[in-house]
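One letter stands for each residue in the lines below.
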Amino acid sequence: MNIQRSLETVNRYKWIIIVIFILTVVVGFFVLRNLPKDYKSEAKLSTGLLDPSRQLAPDGASYTGPDIIIKLNQQFSTIMDIMRMPKNISLLSYRLILHDLKDQKTSFKPWSAEMKALTDTQRQEAIAQFETRLNQKQVLTPLDNGKLKLYQLVTSMGYDEKSLNKKLDINHEQNSDFISVAYTSNNTLLSVFVVNTLSKDFINNYSLEQILNKNTAIVVLDSLLKKKEAIMNDRINQLKDYKIRNGVLNLDKQSQIVYQQITDNENRRNQALIDKQAAQAALKSVNDKLASRTSDKYLGAEVIEDNRAIITLKNSVQAAEDNYLHNGYRPADKKTVDSLQALLSSRLLRSNDQYVSDPLIAKQSLVQRRISLGIEVDKATAGINDIDKELAKLNAKFTGMVPFDAGVQDHERNADVATKEYLEILARYNQTSLDKNIGLRLQLVQEGIPTLPESSKKLIYIALSAIASFAICFCTLFLISVLDRSVNNGAELKSALNANIIGELGYIGPDNESIAKLWSEQDSGSESVAFKNQLRSLRFELDNKFFNDNQKVFGITGFGSASTQAFTILNLAYAFGQMNKKVLLIGNQEVALALQKLNMPVDQSIRAVLQGANVTQSEPFSFVKNDLDGQSLLEIKDRKALSEIFGTMRDRFDLIIVTLDPLGDGAGNREWMSLIELYTAIFVAGSTLRDKEKVVLASLNEDEKFAGWIISGVK
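None of these values were measured; they are calculated from a predicted model.

Engineer: Can you walk me through the packing of helix 17 (residues 527–549) against helix 18 (residues 562–577) in this structure?
Structural biologist: Two quantities define a packed helix pair, namely the angle between the helix axes and the distance between the axes. Interhelical geometry of helix 17 versus helix 18 gives an angle of 70° and a closest axis separation of 10 Å. Taken as axis vectors, helix 17 and helix 18 run roughly perpendicular relative to one another. Helix-helix and strand crossings are classified by hand; for helix 17 and helix 18 the assignment is right-handed. Contacts from Phe531, Leu535, Leu538, Arg539, Leu542, Asp543 and Phe546 of helix 17 reach helix 18 at Phe567, Asn571, Leu572, Ala575 and Phe576.

Following this line, the structure appears as structure tokens:
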């Protein structure tokens, strides 16, 4: 989206926007100058919902925090919705139509055509029917168009529900106990009548409905309360009879005592089992020690081995002493005797240190311990048996209480449920009775009164209409420019096709389409001079290409309006003619028609030239009409003949301009392309480019013969 382009479009049509803006203001002024004045009357109703002085027992006592606000808003919304209900608006409609029917002079509004069409008899009959419907509080609907079209009469005067609700405003003022009822009309008395009548009728009907609803609820609750009371008393008596019949004093307390005794005995039994198992484990350990002769040192299991070692050493000492005596007291034998004596002494000392007590004493202690542990095991076993007997008695006693407990609990549960239901119904009954006497009471604290007319909104309406017209025009032009896919200048064409732009020619109006007049114009501020300068710049660019590459055959194709292309081609040929060059223009039917308007000869034909006719030169350029009548060049002459003919023309003319078919129109351009040396394309500003066309046109950039784009008709 090009914002700059959109703004330029808006700027281009700014005078249209300004004119529409001014016209809107003028028309709005004349339309609204006789706008009738508006009178607004307002009445206020007090609900008592936020007035502590009117609440003995607030209904919101059980609500806290945000819940109170939510409940109060719901109540206010409910009241306002009820006021707008058709049944209440219909009563107001009846009162308004009756007021106008009874006296035309005091009517709030001029009688409508339907009202004027009523005869006196019909009018009296209509009054009677409206009064009957008012007394019966019937809702007015479109179906009430019988012999007398009651609904149509009310609608014709603007007293129907839809019309009244348009100008009726009912709202709750924030943090206030009041509900405001406001009505705006062209008659201050009508506004006063509407707000006061609607408020009074609503208060009476709403209060009556509240009382009727409360009475109905009280009757229902009273009947239900008596039934619940009878059920509660019956279930309480059933509980009492059950306890008397089964001799139950306080079953809960008794069962609690028995259960505690069972728990205590189970704890004693568990402790006795622990003591018995500990004594049995100790007894087993003592028996194992007494039965073992090798594992326990303190029982003397290692004494035998030590004695044997000592005896062996003594025998060795004795033998050594004998050898010492028999050998004549040799020193070597003496050393052997001393060594053995030392070993014996060491062995004896170790034996004395190791056995400090008598093993028999330790054994005697173990025997006594075994006897005492056996006694403890017997005592624990006897105690467990006694505890088991006591537990059996207590369990039997507790099991006997279970059926009675279940029966008592069942009766107590039934009695509790009945009591709760009774108390709940009783609370609702009391609350409903209280609400009936001191509940919500609407009051009309401020009646509607006649007022001065409201400040005129003419200026506001005129300003809004003017602003709206301005915004609509601006947005429409802006949207059109955004959705517009046309290309209007060289920058947009270059952006769309990534093309090389060699020239940009401005728009020339119909009054300046004469080539001779255009080139003779000297006023520097005219569009003709600007166009001529742009054409000279384009001519310079093309002439450089022709001069540098020694090219003479130049083709021109295009996209867009054929007449604009023809005008551009003629001016380009004329521009080259102004350089004193011999220019030959081979043009199509559009170019020929343009030349006829300029009174230039168009009788020479390319078909005749191909057949051997000479081209007559003329000023400022020569013209040959491209009239192959549906045939192609190669169907008339072969390539060699065509080359010779065009070679001859190249010798006679400095520049040959060939008007090619529009881009994408036909295949004839291919044959002409083989003869031309350079070509360009004219894009007519304002032409729309689709995506598919962009792809085709962008492919021209890859052609070596393509010099670039010329965009013409730029505004």
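Engineer: Explanation requested: the sheet that holds strand 9 (residues 622–625) in the structure shown.
Structural biologist: By definition, the strands of a sheet pair up through backbone hydrogen bonds, in either a parallel or an antiparallel sense. Judged by pairing direction, the sheet is parallel, and its 7 strands sit side by side in the order 6-13-11-7-10-8-9 without closing on themselves. Only two strands of the sheet have a single partner each, and these edge strands are strand 6 (501–506) and strand 9. Neighbour to neighbour, the strand axes of the sheet diverge by 20° on average, direction disregarded. Where strand 8 (residues 583–587) lies against strand 9, 4 bridges are found, and the strand directions are parallel.

Engineer: So what exactly am I meant to see when it comes to the pairing of strand 2 (residues 168–172) here?
Structural biologist: When a strand is regular, its side chains alternate between the sheet's two faces. For strand 2 and strand 3 (residues 178–185), the ladder comprises 5 bridges, and the chain directions are antiparallel. Paired with Ile170 across the two strands is Val181, which belongs to strand 3. Connecting the antiparallel pair strand 2 and strand 3 is a turn made up of 5 residues, with Asn175 showing a positive phi of about 60°.

Engineer: Please clarify how helix 22 (residues 639–652) should be interpreted in this entry.
Structural biologist: Helical geometry: 3.6 residues make up each α-helical turn, so side chains three or four residues apart lie on a common side. Over its 14 residues, helix 22 extends 20 Å from the first C-alpha to the last, a length consistent with the 20 Å expected when each residue adds 1.5 Å. Taken together, the buried positions of helix 22 are Ala641, Leu642, Ile645, Phe646 and Met649. Each buried residue of helix 22 sits inside an arc of 125° when the element is viewed along its axis, so together they form one side. For helix 22, exposure combined with an orientation more than 90 degrees from the buried face picks out Arg639, Lys640, Glu644 and Asp651.

Definitions and limits used
- Residues numbered from 1 in each chain as written.
- Predicted model: local features only at pLDDT ≥ 70, side-chain atom pairs only at ≥ 80, totals over all residues.
- Heavy atoms only, no water.
- Axes fitted to C-alpha atoms, helices over the stretch in contact; angles between N-to-C directions.
- Helix = DSSP H or I, 4+ residues; strand = E, 2+ residues; numbered from the N terminus.
- Parallel < 35°, antiparallel > 145°, perpendicular 65-115°, else oblique.
- Left-handed = near helix turned anticlockwise from the far one by under 90°.
- Contact = heavy atoms within 4.5 Å.
- Pairing = 2+ DSSP bridges.
- Expected span 1.5 Å × (residues − 1).
- Buried < 20%, exposed > 50% of the residue type's maximum accessible area, 1.4 Å probe, protein only.
- Arc of directions from axis to C-beta.

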